[in-house]
Amino acid sequence: MEKMEAEAEEIYSRKASISVTETAEIGGTIAEWFEPAAAGASRSSGAGVVKGLKGTGDKGEAYNRAIEIFVEVAESANEMPLESTIAAVIVESEGGDEARVMPMSKTSVLDGGELIMTYLRDGNGEVRSAAFGPVKKASGGSYTARAVPKQAGGGGVILKPRYPWPDPGDSARAAVSAHPSYKANFEPDGLLRVSCGKEATVETVMKDIGKLEFKGTVKNARILTDMKAGAVTIFGKGVVFDKCNIRLGNDIRVVSAGPKEDFAIVEIAKEGMIARVRTTRKAADVIRILDRLGVDLKEIAQILKWASDSGVLNAGLLTAETGNVG
């Protein structure tokens, strides 16, 4: 059974439940599109070295291990520290302004020592904070040292696109730079660097600029699928299926043919028969028909992904729930 879209009411299983929007504009607030590239409030750790010890540091094999770490973490050194003057340590941070410092060797004592700048990474290998300075004795045989988030003032705050394509960059940069206290540069790797004062933090910067609105024009077509909101936004003009025959399981098929935006057929097994609805090759029309035939958004996203992977959909894919390119 084949129906034109306008005649197919009796074979639709529901009215539209997925919001489908087409736009050539990107816009919103800075907070909607960008987030801190590395926040401080996250568990992180790293291996470091405490120097300046007076005979209470590592000896023997423990000293050799400490020297190996020292070479890695010390940015510059005129000479190698002597045995018993340094100790290898494990440094851990929970995102606060203090990090826990623990000697690797049970025989080493860190009293009076100073932690060399140690970068602390999370489980994904991203630097979250740094710890350094004089160590102070704490309970349980451990010590503490000062810790600061990676993005604490001075060098500026780095923001990354919440959705990984750079189209919003120029417009977002202009919006931030219009603020009297900040300037921004959009870097080639897709990150937005916001200059700020030494006392600024990620929190204070985002409080100031997070609500700033910006608008821009799409340079590269993308389809953004928002699983939580049940919405599909098509950024860019003329996003269509090329000639294709895509099957999802045994029940759903999308066949696209014809010149330009001529026609596509959405086919679904329904009540012992095959129902076909003819529409255009526009991605928005195909998605709308799939929706009304009862295909859920997860399955629609799979169809779009296969089409994109096969090169028959002239747009990249993004998923709002994960922030990943499909």
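Above: the structure in question.
Keep in mind that this is a model prediction, so the values were computed, not measured.

Asks: Explain the environment of Asp170 here, please?
Replies: Within the secondary structure, Asp170 sits in helix α3 (residues 169–177). Judged by relative accessible area, Asp170 falls into the partly exposed class, the value being 38%. Note: C-alpha distance between Asp170 and Arg253 (83 residues apart in sequence) is 40 Å. A distance of 2.9 Å separates a polar atom in the side chain of Asp170 from a polar atom in the side chain of Lys219.

Asks: Mind showing me how you'd approach the pattern of salt bridges here?
Replies: If the charged atoms of two oppositely charged side chains come close together, the side chains can form a pair. Overall, the coordinates contain nine salt bridges when judged by the stated rule. Lys137 is paired through a salt bridge with Asp111; the nearest N and O atoms lie 4.0 Å apart. On the criterion of sequence distance, the pair formed by Lys137 in strand β9 (residues 127–137) and Asp111 in the loop between β7 (98–103) and β8 (114–121) is long-range, its members being 26 residues apart. In this structure Asp111 comes out as partly exposed when scored by relative accessible area, which is 40%. Note that Asp309 is salt-bridged to Lys305, the shortest N-O span being 2.9 Å. Of the two residues, Asp309 and Lys305 are both situated in helix α6 (residues 297–309); the distance of four residues between them amounts to about one turn of the helix.

Asks: Would you mind going over the sheet that holds strand β12 (residues 183–186) with me for this structure?
Replies: Consider a sheet: its strands pair through backbone hydrogen bonds, and that pairing is either parallel or antiparallel. Strand order in the open sheet formed by four strands is β4-β11-β13-β12, with antiparallel pairing between adjacent strands. Two strands close off the open sheet at either side, each with one partner strand: β4 (34–36) and β12. Ignoring which end each strand starts from, the neighbouring axes of this sheet average 30° apart. Two elements, β12 and strand β13 (residues 192–195), share four bridges in a ladder whose sense is antiparallel.

Asks: Explain the nonpolar core here, please?
Replies: In a soluble, globular protein the nonpolar side chains are often hidden away together inside. If you look at the biggest cluster of nonpolar residues, it comprises 37 residues, and the most contacted ones within it are Ile223, Ile234, Val239, Phe241, Leu290, Leu304 and Leu313. Taken together, the elements giving at least two residues each to this core come down to β16 (231–235), β17 (244–248), β18 (252–257), β19 (263–270), β20 (273–279), α5 (283–292) and α6. Those residues within four positions of Leu313 in sequence are excluded, and the remaining contacts are Ile223, Val239, Val240, Phe241, Ala283, Leu304, Ala307 and Ser308. Counting 26 residues, the second-largest nonpolar core is a separate cluster that includes Ile26, Leu159, Cys196 and Val218.

Cut-off values and rules
Residues numbered from 1 in each chain as written. Predicted model: local features only at pLDDT ≥ 70, side-chain atom pairs only at ≥ 80, totals over all residues. Heavy atoms only, no water. Helix = DSSP H or I, 4+ residues; strand = E, 2+ residues; numbered from the N terminus. Buried < 20%, exposed > 50% of the residue type's maximum accessible area, 1.4 Å probe, protein only. Polar contact = N/O pair within 3.5 Å; in protein donor to acceptor, adjacent residues only side chain to side chain. Salt bridge = Lys/Arg side-chain N within 4 Å of Asp/Glu carboxyl O. Pairing = 2+ DSSP bridges. Axes fitted to C-alpha atoms, helices over the stretch in contact; angles between N-to-C directions. Core = buried A, V, L, I, M, F, W, Y, C linked by side-chain atoms within 4.5 Å. Contact = heavy atoms within 4.5 Å.

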